[in-house]
Amino acid sequence: LIHFYKRKERMPGLHGKVCVVTGAARGIGRGIALQLGEAGATVYITGRTEKNLTECVEEIKNRGGKGIPVIMDHSNDADIQTLFERVDKEQNGQLDILVNNAYAGVSLIDKSSGKKFFETDPVEQWDVINGVGLRNHYICATLASRMMVKRQQGLIVNISSFGGLKYLFNVAYGIGKAAVDRMAADCAVELKKQNVTFISLWPGPVKTEYIQENILNANKNDGSPASLQSAKMFAKGETIECAGRAIIHLANDKNVLKKTGRILQTCDLAREYGFTDIDGKVPLDTRSLGTALSRAGWSGLAEYVPDCIRFPLWMIHFMSYKF
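1. Examining the sheet that holds strand β1 (residues 18-21)
- If you trace the seven strands from one edge of the open sheet to the other, you get β3-β2-β1-β4-β5-β6-β7, paired in parallel fashion. Of all strands in the sheet, those bounded by a partner on one side alone are β3 (66-71) and β7 (263-265). In this sheet, neighbouring strand axes are inclined to one another by 20 degrees on average, regardless of whether the strands run parallel or antiparallel.
- Here strand β6 (residues 196-202) runs beside β7; their pairing, made up of three bridges, is parallel. Each bridged residue has a counterpart across the sheet, and for W202 the counterpart in β7 is Q265.

2. What about unusual backbone geometry?
- One non-glycine residue, F169, adopts positive backbone phi at about 70 degrees.
- Considering the arrangement of structural elements, one finds F169 in the loop between β5 (154-159) and α7 (171-191).
- If you check the backbone angles, N195 has positive phi at about 65 degrees while not being a glycine.
- With respect to the secondary-structure elements, N195 resides in the loop between α7 and β6.

3. Topic: the pairing of β5
- For β5, the buried fraction is high: six of the six residues fall into the buried class.
- Every second residue of β5 is oriented toward a common face, with G154, I156 and N158 on one face and L155, V157 and I159 on the other, all of them buried.
- Where strand β4 (residues 97-100) meets β5, four bridges bridge the pair, whose relative direction is parallel. Of the residues in β5, the one forming a bridge with V99 is V157.

4. What to know about the packing of aromatic side chains
- Taken as a whole and assessed by the stated rule, the structure comprises four aromatic pairs.
- Arranged with centres 6.3 Å apart and planes meeting at 80 degrees, the rings of Y103 and Y173 form a pair that is edge-to-face. On the criterion of sequence distance, the pair formed by Y103 in the loop between β4 and α5 (106-111) and Y173 in helix α7 is long-range, its members being 70 residues apart.
- Here Y103 falls in the partly exposed class, since its relative accessible area comes to 26%.
- Residue class for Y173 comes out buried when judged on its relative accessible area of 8%.
- An angle of 80 degrees between the planes, with centres 4.9 Å apart, marks the rings of F169 and Y173 as edge-to-face.

5. Side note on the environment of E85
- On the secondary structure map, E85 appears in helix α4 (residues 77-90).
- Residue E85 is classed as partly exposed on the basis of its relative accessible area, which comes to 46%.
- As a C-alpha pair, E85 and G65 span 20 residues in sequence and 22 Å in three-dimensional space.

6. Focus: the nonpolar core
- The biggest cluster of nonpolar side chains holds 40 residues, and the ones touching the most others in it are I32, L36, L201 and I247.
- For this core, the element with the most residues is helix α10 (residues 242-252), which contributes six residues.
- V18, L83, L98 and M147 belong to the second-largest nonpolar core, a separate cluster that totals 28 residues.

Conventions and cut-offs
- Residues numbered from 1 in each chain as written.
- Predicted model: local features only at pLDDT ≥ 70, side-chain atom pairs only at ≥ 80, totals over all residues.
- Heavy atoms only, no water.
- Pairing = 2+ DSSP bridges.
- Helix = DSSP H or I, 4+ residues; strand = E, 2+ residues; numbered from the N terminus.
- Axes fitted to C-alpha atoms, helices over the stretch in contact; angles between N-to-C directions.
- Buried < 20%, exposed > 50% of the residue type's maximum accessible area, 1.4 Å probe, protein only.
- Phe/Tyr/Trp six-rings, centres within 6.5 Å; stacked < 30°, edge-to-face > 60°.
- Core = buried A, V, L, I, M, F, W, Y, C linked by side-chain atoms within 4.5 Å.

In structure tokens form, the structure reads like this:
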């Protein structure tokens, strides 16, 4: 009984809330949608693959929630406009949470791995990676904000990553993630007086379907030191639903506006709000000295480092110092 009480206390509800999660057919978006739906929210989930969206809606229903599939292309401005007009009409102007997660650049990043930016097609790289992953986020944030400002409340979450701070994958990816983080910071300035919170959320390594199929699958891992190290890191990664738990807690935090404009990490939010991932594990602490040592190949030494030794946020900030 005590365990049940604590579990329910850690996971507050979202009954009566209306959410939009973009790019929810697979990966982190799907996991977030499942968590928000399970918490009682009405969740509009977007994507291009009808089969995947239908399966996600069915699982949300099995968990007691309500999912509404929207088959669309986030690179099409008309589709984006239609999405928010539909939500506005069907929900009488109510929109409580927007999660900007849609991303179309994964396969291109994988395809161009190892190539310098000047060795690739610049238009293809920019448009594929940042057309949906950045431009679309801005459009969605604008349309969602118009609804939220009218009601003087709301939460917008941009899903981002460490790539916004330091080089990761390729140039276009880093530019996009840095811009997504800056979008949250600057939009927050103009939304704060309207009681609308806008944050950027960094999950840790996430065991998405793609990662499990291509990185954690021993048959596809080429056995190189880099691949083996990557597999080791992702083996300790978050499930696709962990970020959803973080968002639920943010949405229920009466003081969430104090966090507006900031970059927040799932591992820090788990420590603050006291929740675990759906597998019962605490999310990998990406600020831990032990984690850093392990990534650098010093896994033996990392085992002796106490979990309490963490990099302060100011130190992480100055990792991107450009002056």
